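Chain and residue survey
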Amino acid sequence: MTDYLTDAQNEIKTYFKTHDIPTYFYQCFFGELVKVFGARFLIPDDDYSYREQLELYLNNVGGTAGWNLAFKEACAQCDIMDIYYDYF
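Residues numbered from 1 in each chain as written. Predicted model: local features only at pLDDT ≥ 70, side-chain atom pairs only at ≥ 80, totals over all residues. Heavy atoms only, no water.

To continue, consider unusual backbone geometry. Although it is not a glycine, Asp 79 sits at a positive phi angle of roughly 60°. Asp 79 gets classed as exposed once you look at its relative accessible area, which sits at 69%. (Buried < 20%, exposed > 50% of the residue type's maximum accessible area, 1.4 Å probe, protein only.)

A separate point is helix 3 (residues 50-61). Between its terminal C-alpha atoms helix 3 stretches 17 Å, which fits the 16 Å expected from twelve residues at 1.5 Å a residue. Inspection of helix 3 places Gln 53, Leu 54, Tyr 57 and Val 61 among the buried residues, and these make up the whole buried set. All buried residues of helix 3 fall inside an arc of 95° around its axis, so they share one side. Exposed residues lying more than 90 degrees from the buried face of helix 3 are Arg 51 and Asn 59. The secondary structure elements touched by the buried residues of helix 3 are helix 2 (25-37) and helix 4 (65-77). With its phi angle positive at about 90°, Gly 63 sits one or two positions after the end of helix 3. (Helix = DSSP H or I, 4+ residues; strand = E, 2+ residues; numbered from the N terminus. Expected span 1.5 Å × (residues − 1). Arc of directions from axis to C-beta. Contact = heavy atoms within 4.5 Å.)

Pairing is possible between side chains of opposite charge, provided their charged atoms come close. One pass over the full model with this rule turns up one salt bridge. In this structure, the salt-bridge partner of Glu 32 is Lys 35, at a minimum N-O distance of 3.0 Å. Of this pair, Glu 32 and Lys 35 both sit in helix 2, separated by three residues, roughly a single helical turn. Since its relative accessible area comes to 6%, Glu 32 is described here as buried. For Lys 35, a relative accessible area of 62% gives the class exposed. (Salt bridge = Lys/Arg side-chain N within 4 Å of Asp/Glu carboxyl O.)

Another point: helix 4. Helical geometry: 3.6 residues make up each α-helical turn, so side chains three or four residues apart lie on a common side. Taking 1.5 Å per residue as the helical rise, helix 4 with its 13 residues ought to reach 18 Å, and the 18 Å between its terminal C-alpha atoms agrees with that figure. Of the positions making up helix 4, those classed as buried are Gly 66, Trp 67, Ala 70, Phe 71, Ala 74 and Cys 75. Buried residues of helix 4 fall within an arc of 165° about the axis and therefore sit on the same side. Its buried side turned inward, helix 4 meets helix 2, helix 3 and helix 5 (81-87).

Shown next, in the form of structure tokens:
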């Protein structure tokens with residue numbers, strides 16, 4: 001019997017190997033998130049470590065219309081719209 005999580009992880013690894021995602025995409029996407037949601041989440045909060053703060057914020061905005069817009073714009077700027085269409 002195969003493990004669902006192992007199969008899913010292997011599919012994701014294969015996807016990233018077969019699609020040429022430029023390294024600057026992640027910076028572009030982060031910049032688009034800042035454009036859409038503002039930079040307030042970048043100001044350090046005393047209640048969280050900076051990493052926890054970013055993780056919490058990004059988890060909260062994931063799946064929103066703003067997230068979609070930022071992802072679409074980053075994909076368009078990096079000329080990888082096929083990845084955007086695969087996402088939906």
